[in-house]
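Read off the chains here:
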Amino acid sequence: MGELSVSSAAFSAVPIHKPVKKQIQFVEDKQEFSRFPTKAGRRSLSRSISQSSTDSYSSAASYTDSSDDETSPRDKTQLNSKGTSDFCVKNIKQAEFGRREIEIAEQDMSALISLRKRAQGEKPLAGAKIVGCTHITAQTAVLIETLVALGAQCRWTACNIYSTQNEVAAALSEIGVAVFAWKGESEDDFWWCIDKCVNMEGWQPNMILDDGGDLTHWVYKKYPNVFKKIRGIVEESVTGVHRLYQLSKAGKLCVPAMNVNDSVTKQKFDNLYCCRESILDGLKRTTDVMFGGKQVVVCGYGEVGKGCTAALKAMGSIVYVTEIDPICALQIGFRLGFFSGLLGNKNVVTRDQLDRMKNGSIVCNMGHSNTEIDVASLRTPELTWERVRSQVDHVIWPDGKRVILLAEGRLLNLSCSTVPTFVLSITATTQALALIELYNAPEGRYKQDVYLLPKKMDEYVASLHLPTFDAHLTELSDEQAKYLGLNKNGPFKPNYYRYNHPSKIPLNDTQISDLCTIYLQWIPTATAYMFSLVQSS
């Protein structure tokens with residue numbers, strides 16, 4: 001029986017104004033900003049494993065593959081129908097197909113379309129010059145076009161080397177959005193595209209929308225004068241948020257930033273439901289695996305881990321979970337009835353554990369970074385890499401054992417499949433509101449620090465999506481509102497409120513005590529025990 005290892009970027013909520021303890025290296029520790037490699041270098045198939053967000057993220061829905069044309073987009077001269085060339089995409093002729101992809105996405109992003117219609121008359125982003133570094137998919141295109149409709153000028157690049165749907169990038173370039181991205185970039189291409197977005201004569205960004213922190217740190221290091229004039233930064237990922245807190249702690253964050261990652265709507269919907277649906281899609285598309293009876297190890301039980309675990313368990317897999325956080329570990333006991341604990345954001349799955357996996361094991365990552373799986377240790381002379389299909393590699397040991405590695409250990413769901421459009425609508429609406437808030441905030445409302453999205457905005461994002469389910473909110477009476485000490489229009493919960501999901505398996509006090517005792521006893525040897533258990537079965 002095969003086994004499957006899934007690494008999840010689980011984490012605890014980071015208190016606002018308190019930087020995280022773990023030090024994450026700045027991009028400059030890993031990258032040379034002052035020069036670009038040669039053309040031969042940028043086409044190299046080898047990619048360094050770094051803290052940057054060049055972890056792979058691509059959509060299997062992209063019907064164009066980078067292998068269709070070996071010519072680098074950087075070596076092409078392309079014009080859109082308006083005669084402009086301020087973009088760099090795989091093939092501008094794919095714009096019509098990309099437009100149809102965007103139109104499909106719009107059907108399930110009604111909240112963002114509603115926001116566009118409500119606010120486009122006021123143009124709340126008029127004068128905003130937004131430089132973005134996110135995943136360039138049909139869903140992101142709906143967000144970008146909404147920002148443009150609200151008055152912003154946008155220049156965009158991809159936050160991961162495999163993230164771009166080429167036809168969508170072409171469609172955006174066709175309407176005048178300066179896009180620099182294509183599927184299958186080299187690492188040098190990745191940094192070149194970021195620089196082309198920022199370094200434009202006669203155009204200077206005043207807002208940043210980032211996913212992973214690479215764009216923010218590129219501007220901070222290479223263009224410090226531009227960075228000082230930025231009016232606000234909106235960051236989506238846990239990795240990028242950690243970097244912002246790091247800058248803040250060092251006293252180098254000279255602009256206000258909005259932590260969208262820890263907003264309720266992002267945590268409880270995108271991280272949970274998106275991963276719950278997309279992990280199965282990614283695994284099926286790449287390996288055609290049957291989940292029933294498979295033994296699966298899920299590393300981490302944050303919102304991403306919860307979604308992955310629920311999906312795999314529902315398909316009949318035998319799921320083992322590791323954790324370091326006792327609260328998350330206790331939740332595992334409530335939901336599954338068994339657990340073990342160990343997690344980190346680096347080398348969660350080590351070479352020793354990879355050596356002990358059975359022939360045919362599948363290894364993949366659902367975390368944002370590309371360091372959870374120690375892929376670097378697999379790039380050694382004694383191991384052979386064999387490409388099976390796009391984003392699928394056999395890593396072959398000297399004795400003939402094969403481990404199936406997906407997306408080179410990078411983000412699975414958007415490297416190998418797609419994600420639910422409706423869930424992305426929630427996140428995209430949150431990002432748009434955060435940009436509007438920071439851009440229009442009166443002087444003094446936000447200092448040079450990292451802020452959570454105001455609860456009122458979180459509730460507004462949720463309310464925009466309720467009509468999809470034909471849902472209608474009950475309104476408090478004046479007497480009820482007074483009794484609760486609330487405004488009838490919200491916010492309805494204090495900032496410390498936790499929107500937790502109900503447990504599926506109720507436990508009594510004795511069972512909870514027993515689970516805590518077992519957890520504390522297993523911490524030192526949890527991962528070793530977990531892999532030996534799977535290996536011996």
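Up top is the structure.
The shown structure was predicted, so the numbers you read here are calculated from the model rather than taken from an experiment. (Residues numbered from 1 in each chain as written. Predicted model: local features only at pLDDT ≥ 70, side-chain atom pairs only at ≥ 80, totals over all residues. Heavy atoms only, no water.)

Per the secondary structure count, the chain includes 19 helices and 14 strands. Counted over contacts in the chain with a minimum sequence separation of 6, partners at least 24 positions apart contribute 76%. (Helix = DSSP H or I, 4+ residues; strand = E, 2+ residues; numbered from the N terminus. Contact = heavy atoms within 4.5 Å.)

Summed over the entire model, instances satisfying the criterion amount to seven aromatic pairs. Centre to centre, the rings of Tyr 220 and Phe 227 are 5.5 Å apart; their planes meet at 75°, and the pair counts as edge-to-face. An identical accessibility class is assigned to Tyr 220 and Phe 227; each is buried. Ring pairs connect the aromatic residues Phe 180, Trp 182 and Trp 192, which therefore count as one cluster. In this structure, Arg 155 is placed above the aromatic ring of Trp 203, and the distance from its NZ or CZ to the ring centre is 5.6 Å. (Phe/Tyr/Trp six-rings, centres within 6.5 Å; stacked < 30°, edge-to-face > 60°. Buried < 20%, exposed > 50% of the residue type's maximum accessible area, 1.4 Å probe, protein only. Lys NZ or Arg CZ within 6 Å of the ring centre and 35° of its normal.)

This part covers unusual backbone geometry. Cis geometry marks the peptide bond from Gly 490 to Pro 491; its omega dihedral reads 0°. Summarising the element assignment, Pro 491 is placed in the loop between α17 (478-484) and α18 (509-522). Positive phi values are uncommon outside glycine, yet Lys 123 reaches one of about 50°. Structurally, the position occupied by Lys 123 is in the loop between α3 (110-119) and β2 (129-134). By relative accessible area, Lys 123 is classed as partly exposed at 37%.

Here we take up the pairing of strand β3 (residues 153-158). For a regular strand, side-chain orientation follows a simple rule: the groups alternate between the two sheet faces. Buried residues dominate β3, accounting for five of its six residues. With six bridges joining them, β2 and β3 adopt parallel strand pairing. Bridge pairing in β3 places Cys 133 opposite Thr 157. Between β2 and its parallel partner β3, the chain crosses via helix α4 (residues 138-149), and the hand of that crossover is right-handed. Regarding the hand of the β-α-β motif, the stretch spanning β3, helix α5 (residues 166-174) and strand β4 (residues 178-180) is right-handed. (Pairing = 2+ DSSP bridges. Right-handed = clockwise from strand over helix to strand, strands pointing away.)

Once that is clear, we can look at the side chain of Thr 140. Mapped onto the fold, Thr 140 is located in helix α4. When sequence neighbours within four positions are dropped, the list of residues in contact with Thr 140 reads Thr 134, His 135 and Trp 156.

Let's shift gears to the pattern of salt bridges. By the definition in use, this model includes 20 salt bridges. The residue Asp 195 makes a salt bridge to Lys 222 at a minimum N-O spacing of 4.0 Å. Of this pair, Asp 195 sits in helix α6 (residues 187-198) while Lys 222 is found in helix α7 (residues 214-222), placing the two residues 27 residues apart along the sequence. Looking at Lys 222, the relative accessible area reads 30%, which means it is partly exposed. Residues Glu 475 and Lys 488 are paired through a salt bridge, measuring 3.2 Å at the closest nitrogen-oxygen approach. Of this pair, Glu 475 sits in the loop between α16 (455-465) and α17 while Lys 488 sits in the loop between α17 and α18, and the two are 13 residues apart along the sequence. (Salt bridge = Lys/Arg side-chain N within 4 Å of Asp/Glu carboxyl O.)

Let us now look at the sheet that holds β2. Taking strand neighbours across the sheet as the criterion, the seven strands line up as β4-β3-β2-β5-β6-β7-β14 in an open arrangement whose pairing is parallel. Only two strands of the sheet have a single partner each, and these edge strands are β4 and β14 (450-452). On average, each strand axis in the sheet is inclined to that of its neighbour by 20°, with strand direction left out of account. In the sheet, strand β7 (residues 257-259) pairs with β14 via three bridges, with the strands oriented parallel. Pairing of Met 258 across the sheet is with Tyr 451, part of β14. Packing of α7 onto the sheet brings it into contact with β2, β5 (207-210) and β6 (232-235), and relative to β5 it is tilted by some 140°. (Axes fitted to C-alpha atoms, helices over the stretch in contact; angles between N-to-C directions.)

Take the nonpolar core next. Counting residues in each nonpolar core, the largest one holds 55 residues, and the members touching the most others are Leu 125, Ile 130, Ile 136, Leu 147, Trp 156, Val 179 and Met 258. For this core, the secondary-structure elements that each account for two or more residues are α2 (95-107), α3, α4, β3, α5, β5, α15 (421-440) and α16. With ten residues, α15 is the largest single contributor of residues to this core. In terms of nonpolar packing, the next biggest core, distinct from the first, is built from 34 residues, Val 131, Trp 192, Tyr 220 and Ile 230 among them. (Core = buried A, V, L, I, M, F, W, Y, C linked by side-chain atoms within 4.5 Å.)

Below, the discussion takes up the environment of Met 315. Looking at the element boundaries, Met 315 is found in the loop between α11 (303-314) and β9 (318-322). Using a relative accessible area of 39% as the deciding quantity, one classes Met 315 as partly exposed. Through-space distance from the C-alpha of Met 315 to that of Lys 294 is 9.5 Å; in sequence the pair is 21 residues apart. Dropping the residues within four chain positions of it, Met 315 is found in contact with Leu 280, Phe 291 and Gly 292.

Here the focus is α6. Compared with the 16 Å implied by 1.5 Å per residue over twelve residues, the 17 Å span of α6 between its first and last C-alpha is a close match. In terms of burial, α6 is largely enclosed, as eleven of its twelve residues are buried. Listed as buried for α6 are Glu 187, Asp 188, Asp 189, Phe 190, Trp 191, Trp 192, Cys 193, Ile 194, Asp 195, Cys 197 and Val 198. (Expected span 1.5 Å × (residues − 1).)

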